[in-house]
Amino acid sequence: EPEVTQTPSHQVTQMGQEVILRCVPISNHLYFYWYRQILGQKVEFLVSFYNNEISEKSEIFDDQFSVERPDGSNFTLKIRSTKLEDSAMYFCASISDIQEQYFGPGTRLTVT
Amino acid sequence: SQQGEEDPQALSIQEGENATMNCSYKTSINNLQWYRQNSGRGLVHLILIRSNEREKHSGRLRVTLDTSKKSSSLLITASRAADTASYFCATANFGNEKLTFGTGTRLTIIP
């Protein structure tokens with residue numbers, strides 16, 4: 001069964017460093033998303049991406065964040081200059097043609 | 001209250017019993033989806049119910065949706081120890097289908 005994959009599973013970085021989180025959505029899906037979950041809190045929407053552009057972004061998704069689909073399979077989230085409060089689990093998701101949204105296993109980002 | 005709030009926050013039941021979790025939301029939705037999350041892990045899609053549907057089944061799962069009350073329930077029948085997890089409802093808007101998650105119900109099945 002196709003699934004969303006994410007790499008790395010865990011990323012530790014120092015404050016101020018750039019990180020790139022990678023995702024491979026399910027191949028025939030057209031809408032892609034990034035969400036994050038700070039430990040013990042709700043899952044929060046960051047950004048949606050369709051037809052090679054951002055379709056919606058949340059207030060969290062400020063100028064430090066960017067997304068890209070560099071080729072036909074990868075979907076990346078870049079954080080330019082990480083802050084301590086960026087520590088969270090980051091989930092990528094893609095949506096099927098019947099609107100079921102499937103999530104990857106997540107990348108745990110730890111900013112020290 | 002916020003969009004997508006589950007109750008109870010925590011539920012402990014004996015293996016074999018049924019578990020019911022509820023979710024309330026505030027705005028109009030296109031669909032509502034339920035997810036399971038084991039501690040520190042990813043979100044597993046369980047079931048989607050559309051705004052024009054009232055009930056849906058999948059294996060031991062039964063989901064209801066009452067759009068007039070803006071609420072949904074997830075029933076897990078004949079619970080198993082492996083059902084121990086957090087369960088979240090998430091509502092999808094019309095348009096780009098972004099999901100708004102609830103706070104989750106922590107379900108513990110006692111063997």
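Note: the structure precedes this text.
So, here is what we can say about the structure in this document.

Scoring rules and cut-offs
Residues numbered from 1 in each chain as written. Chains lettered and ligands numbered in written order. Predicted model: local features only at pLDDT ≥ 70, side-chain atom pairs only at ≥ 80, totals over all residues. Heavy atoms only, no water. Helix = DSSP H or I, 4+ residues; strand = E, 2+ residues; numbered from the N terminus. Rg over C-alpha atoms; globule rule 2.2 N^0.38 Å. Contact = heavy atoms within 4.5 Å. Buried < 20%, exposed > 50% of the residue type's maximum accessible area, 1.4 Å probe, protein only. Pairing = 2+ DSSP bridges. Axes fitted to C-alpha atoms, helices over the stretch in contact; angles between N-to-C directions. Polar contact = N/O pair within 3.5 Å; in protein donor to acceptor, adjacent residues only side chain to side chain. Buried area = accessible area lost by both parts, 1.4 Å probe. Salt bridge = Lys/Arg side-chain N within 4 Å of Asp/Glu carboxyl O. Core = buried A, V, L, I, M, F, W, Y, C linked by side-chain atoms within 4.5 Å.

Scanning chain A for helices and strands turns up zero helices and 11 strands. Put simply, chain A runs from its N terminus to its C terminus through helices and strands in the order β-β-β-β-β-β-β-β-β-β-β. A globule of 112 residues ought to have a C-alpha radius of gyration of about 13 Å, and chain A, at 13 Å, matches this closely. Sequence-distant contacts in chain A: of pairs separated by 6 or more residues, those separated by 24 or more amount to 52%.

So, about the pairing of strand β5 (residues 43–50) of chain A. All names here are of chain A. For β5, a buried count of six out of eight residues is recorded, marking the element as mostly surrounded by other parts of the structure. Where strand β4 (residues 31–37) meets β5, seven bridges bridge the pair, whose relative direction is antiparallel. From the neighbouring strand, Trp-34 faces β5, where its bridge partner is Val-47. Taking the residues that link successive antiparallel strands as the turn, the β4-β5 hairpin has five residues, and the phi of Gly-40 there is positive, at about 80 degrees. Alignment of β5 against strand β6 (residues 53–57), held across four bridges, turns out to be antiparallel. What sits directly across from Tyr-50, in β6, is Glu-53. Hairpin geometry of β5 and β6 is characterised by an intervening segment of two residues between the two adjacent antiparallel strands and by a positive phi of about 55 degrees at Asn-51.

Residue and element names in this part refer to chain A. Read from one edge of the open sheet, four strands run β1-β3-β8-β7, paired in antiparallel fashion. Bordering the open sheet on either side are β1 (5–7) and β7 (65–68), each of which pairs with just one other strand. The mean angle between the axes of side-by-side strands here comes to 20 degrees, regardless of whether they run parallel or antiparallel. Relative to strand β8 (residues 75–79), strand β3 (residues 19–24) runs antiparallel, the two being bridged by five bridges. The residue of β8 that forms the bridge with Leu-21 is Leu-77.

Tracing the backbone shows Lys98(B) in the loop between β9 (85–92) and β10 (99–101). A polar atom in the side chain of Lys98(B) sits 2.7 Å from the side chain of Glu56(A). Every residue in contact with Lys98(B), bar those within four places of it in the chain, is listed here: Tyr33(A), Tyr35(A), Phe45(A), Glu56(A), Thr91(B), Ala92(B) and Asn93(B).

Contact with chain B, which involves 24 residues of that partner, is made by 22 residues of chain A. At the boundary of chain B with chain A, total buried surface from both sides reaches about 1700 Å², with 50% on carbon and sulfur atoms. Contact with chain A buries surface across chain B, with Leu43(B), Asn96(B) and Phe101(B) losing the most and accounting together for 30% of the total. The interface formed by chain B and chain A holds one salt bridge in total.

Right, let's talk about the nonpolar core for a bit. Counting residues in each nonpolar core, the largest one holds 22 residues, and the members touching the most others are Leu32(B), Trp34(B), Leu74(B), Ile76(B), Tyr87(B) and Leu107(B). Elements with a contribution of two residues or more to this core: β2 (10–14), β3 (19–24), β4 (31–37), β5 (43–50), β7 (61–66), β8 (71–76), β9 and β11 (105–110) of chain B. In this structure, Cys23(A), Phe65(A), Ala88(A) and Tyr90(A) belong to the second largest nonpolar core, which totals 21 residues.

Keep in mind these numbers describe shape, not what the thing actually does.
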